[in-house]
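What follows is each chain in one-letter form.
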Amino acid sequence: AAASSARAQAAASAQALANSVGNVPTLSGQDSSDMANLPVIPAGLTCDQLATTTSVGGQAISITAHQTASAAPGSPQYCAVTGHINTYIGFEILLPVSTWRQRYLQVGCGGLCGSISIAPPQATGYKPLADGDFVLAAEDDGHSGNGTGWYSNPQQRVDFAYLSYHDVALVS
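How each quantity is defined
- Residues numbered from 1 in each chain as written.
- Predicted model: local features only at pLDDT ≥ 70, side-chain atom pairs only at ≥ 80, totals over all residues.
- Heavy atoms only, no water.
- Pairing = 2+ DSSP bridges.
- Helix = DSSP H or I, 4+ residues; strand = E, 2+ residues; numbered from the N terminus.
- Contact = heavy atoms within 4.5 Å.
- Axes fitted to C-alpha atoms, helices over the stretch in contact; angles between N-to-C directions.
- Core = buried A, V, L, I, M, F, W, Y, C linked by side-chain atoms within 4.5 Å.
- Buried < 20%, exposed > 50% of the residue type's maximum accessible area, 1.4 Å probe, protein only.
- Disulfide = S-S within 2.5 Å.
- Phe/Tyr/Trp six-rings, centres within 6.5 Å; stacked < 30°, edge-to-face > 60°.
- Lys NZ or Arg CZ within 6 Å of the ring centre and 35° of its normal.

**Q** It is not clear to me how the sheet that holds strand β5 (residues 103-107) should be interpreted in this structure. Could you clarify?
**A** Strand-to-strand pairing in sheets goes through backbone hydrogen bonds, with the strands running parallel or antiparallel. Strands sit in the order β1-β2-β3-β4-β6-β5 across an open sheet of six strands; the sheet is mixed. Pairing within the sheet leaves two strands with one partner each, and these edge strands are β1 (55-56) and β5. With nine bridges connecting them, strand β2 (residues 59-70) and strand β3 (residues 77-85) associate as antiparallel partners. By the bridge assignment, Ile63 is partnered in β3 with Gly83. The strands touched by helix α4 (residues 154-171) within the sheet are β1, β2, β3, β4 (89-96), β5 and β6 (134-139), with β4 carrying the most contacts at an inclination of about 30°.

Next up, the structure:
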């Protein structure tokens with residue numbers, strides 16, 4: 001009887017999860033026809049003004065490089081910003097200058113990471129991304145390079161475990 005009850009409970013849990021996942025909105029293709037039509041919000045600061053920022057949401061930041069550029073003629077302009085958060089967390093953020101539609105994509109990295117790559121390969125050709133609807137961000141998991149010497153630093157272990165993703169989302 002106990003085994004039968006456990007199977008029934010497991011089946012009910014599996015069905016509840018399937019129902020939850022089934023209700024998550026998804027995109028059916030490469031266009032944005034089934035996305036909410038959010039209004040464009042222009043940048044509140046110029047890229048040069050943004051580069052002088054030293055704190056965001058309680059996070060100390062250091063901007064090491066910035067530029068306003070387009071990927072190609074006719075494509076949206078971005079303010080590309082690189083820097084560090086609270087000493088160890090390296091980041092790169094691409095902020096649309098005049099096309100942002102209140103969307104955000106943060107690109108993660110695998111393994112022990114230690115490098116920044118803001119190119120989301122799974123989204124290649126995705127129109128809203130190419131149209132500058134998204135702020136794009138990436139980080140290095142709180143350390144640079146392939147070595148593991150950073151692991152002896154307690155703060156860098158916390159950055160690697162979870163804080164780097166959180167802090168970059170706040171700063172973005």
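**Q** Explanation requested: the nonpolar core in the structure shown.
**A** The tendency in soluble globular proteins is for nonpolar side chains to be buried side by side. Ile63, Val81, Ile85, Phe91, Ile93, Leu95 and Val168 are the most contacted members of the largest nonpolar core, which has 15 residues in total. Here this core gets four residues from one element, more than from any other, and that element is β4. Core analysis: the second largest hydrophobic core is formed by 10 residues, Ala80, Tyr126, Phe134 and Ala138 among them.

**Q** Which parts of the structure should I look at to understand the state of the cysteines?
**A** Think of a disulfide as a covalent bridge from one cysteine sulfur atom to another cysteine sulfur atom. Counted by the stated rule, this structure contains one disulfide. What pairs with Cys47 in a disulfide is Cys79, and their sulfur atoms sit 2.0 Å apart. Measuring handedness by torsion sign, the sulfur bridge of Cys47 and Cys79 sits at about 75° and is right-handed. Taken together, the residues Cys47 in helix α2 (residues 47-50) and Cys79 in strand β3 connect sequence positions 32 residues apart. Of the two residues, Cys47 and Cys79, neither departs from the other in class, the shared state being buried.

**Q** When you look at the packing of aromatic side chains in this model, what are you seeing that I'm missing?
**A** Two aromatic rings are characterised by how far apart their centres lie and by the angle between their planes. Enumeration according to the criterion identifies two aromatic pairs in this entry. Between the aromatic rings of Trp150 and Tyr151, the centroid separation amounts to 5.4 Å while the plane-to-plane angle is 80°, which identifies the pairing as edge-to-face. You can call Trp150 buried: its relative accessible area is 8%. Overall, Tyr151 belongs to the partly exposed group, its relative accessible area being 48%. Between Trp150 and Phe160, the aromatic rings sit 4.8 Å apart at their centres with planes inclined by 45°, giving tilted as the arrangement. In this pair, Trp150 sits in the loop between β6 and α4 while Phe160 sits in helix α4, placing the two residues 10 residues apart along the sequence. The rings of Trp150, Tyr151 and Phe160 are connected pair by pair, giving a single aromatic cluster. Above the ring of Tyr151, the side-chain terminus of Arg157 is found at 5.4 Å from the ring centroid.

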